[in-house]
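In case you want the letters, here they are:
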Amino acid sequence: MMGVAGFAVALMVTSLIIATCADGKEFFHHREIKVQRFLKQLNKPALKSIKSEDGDIIDCVPITSQPAFDHPLLKNHTIQVKPSFIPEGEGDSTYTKKETKATQVWQKYGECPENTIPIRRTKKEDILRAKSLESFGKKNHQYIPEDTSSPNYHHEYAFMGVRNGKFYGTKASINVWKPDVATPSEFSLSQTWIVSGDGTSRNTIEAGWQVYPGMYGNNDPRLFVYWTSDGYQKTGCYNLVCGGFVQTTNQYTVGGSYVTASQYDGAQLVLNLLIWKDPKTGNWWLKINDNDVIGYWPGSLFNSLGDGAIKVEWGGEIFAPTSDRHTTTDMGSGHFAEEGIKKASYVKNIMIVDGTNALREPQGLYSYADNRNSYSVVPGNAGTSFGTHFFYGGPGQNVNCP
């Protein structure tokens, strides 16, 4: 028989278990409330919704109701419907016979009405994949290519860039691939960085394509934009996850997946990017595919970028948790830069926007790769239809990089 003392202990343990269960239920209840509030904040009321075969739901949201205007600095912002000018100059970014324009999957299933913008709906499972509500859609580490003297071991880069000048934009063409990503928490991307300032005063404007299953739920390559005005501390986010980037097009979705990708030794899917500062408003515009103006980063978001960028970089980046063994995540095509055309990733027809708002070929390009045994970068030969260009990428872990 159980004595009085034993009964008291049993009662105490039972009470503790009940209290623990109650606390657990309360925790999950509070988290569920927070998640639902966050979803309501992110997903604005739509006039129309489009279901896509890739699992995305695209909401057609009135252009004046988009998330950009949740930012305190944009509460009274007047939308700039179109840029005051588009830079022109040297170079040719038209598609060759072996290249196709990057189109998005959802476009096959409908279109958004005028005066609305297509926004990828954030789902509960998207948020739950993040470490926290606060970190959802944000870069949690130093996501700018570092100098060789201070490498970031959580990230690896292979890129080329230009510095020691004043730059007001860039134009380039990047082929789109579908790299294998080892785990959902890892990503692989190709982009351009427009940078000013340093440390917590660093401003960046970023755009390109990425494969990031932890954010999007699958391994499809997607168009993305990003920005920060404090070195990734508290400001900025991917796409339209927070106030900032103002979308003006009803044709494309930032965060939307592409129909296809480049094929090894076959047809190449190409994303043409043009980013430039509008001298009349100070806004930084994004145009893709030569004729599709996507929207802009308002100049009021930034401080040092108002005087122009101090460097521009183009290339690839992977992120993977630190481990004794190198990640197997691909950068670009998953093949080394040395393999060249139709096999490696490339950035071609690279231009910068100078102080006269004209497009010019950059001078004094430099290259960088953290570990050329995992991901490499090789400048292209001059005098070709690719203009100023380079190849980059690799397979990650291999016999020369265990």
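Everything quoted here is computed from the prediction, not taken from an experiment. (Residues numbered from 1 in each chain as written. Predicted model: local features only at pLDDT ≥ 70, side-chain atom pairs only at ≥ 80, totals over all residues. Heavy atoms only, no water.)

A. Local environment of the packing of aromatic side chains. Within the structure shown, the criterion is met by 18 aromatic pairs. Look at Phe-245 and Trp-297: their rings are 4.9 Å apart centre to centre, the planes differ by 70°, and that puts the pair in the edge-to-face class. Of the two residues, Phe-245 is situated in the loop between β9 (222-228) and β10 (246-247) and Trp-297 in strand β13 (residues 292-297); the sequence distance between them amounts to 52 residues. Residue Trp-297 is classed as buried on the basis of its relative accessible area, which comes to 0%. Relative to Phe-386, the ring of Tyr-346 has its centre 5.0 Å away and its plane inclined at 55°; by these criteria the two rings are tilted. (Phe/Tyr/Trp six-rings, centres within 6.5 Å; stacked < 30°, edge-to-face > 60°. Helix = DSSP H or I, 4+ residues; strand = E, 2+ residues; numbered from the N terminus. Buried < 20%, exposed > 50% of the residue type's maximum accessible area, 1.4 Å probe, protein only.)

B. Just the side chain of Asn-218, in detail. As for its position among the elements, Asn-218 is in the loop between α3 (213-216) and β9. Polar side-chain contacts of Asn-218 include one of 3.2 Å to the backbone nitrogen of Asp-220. Only 3.3 Å separates the side chain of Asn-218 from the side chain of Arg-222, close enough to count as a polar contact. Ignoring any residue separated from it by four or fewer positions in sequence, one finds Asn-218 in contact with Asp-54, Tyr-212 and Pro-213. (Polar contact = N/O pair within 3.5 Å; in protein donor to acceptor, adjacent residues only side chain to side chain. Contact = heavy atoms within 4.5 Å.)

C. Representation of the sheet that holds strand β17 (residues 366-369). One open sheet accounts for six strands, arranged β9-β8-β7-β14-β5-β17; its pairing is antiparallel. Each edge of the sheet is formed by a strand with only one pairing partner; in this case those strands are β9 and β17. In this sheet, neighbouring strand axes are inclined to one another by 15° on average, regardless of whether the strands run parallel or antiparallel. Here strand β8 (residues 203-211) pairs with β9 via seven bridges, running antiparallel. Bridge pairing in β9 places Trp-209 opposite Leu-223. (Pairing = 2+ DSSP bridges. Axes fitted to C-alpha atoms, helices over the stretch in contact; angles between N-to-C directions.)

D. Highlighting the state of the cysteines. Across all of its chains, the model carries two disulfides by this definition. Sulfur-sulfur distance for the disulfide between Cys-237 and Cys-242 comes to 2.1 Å. Classification of the bridge connecting Cys-237 and Cys-242 rests on its S-S torsion, roughly -90°, and on that basis the disulfide is left-handed. The same class applies to Cys-237 as to Cys-242, namely buried. Counting its disulfide-bonded cysteines in sequence order, the chain shows a connectivity of 1-2, 3-4. (Disulfide = S-S within 2.5 Å.)

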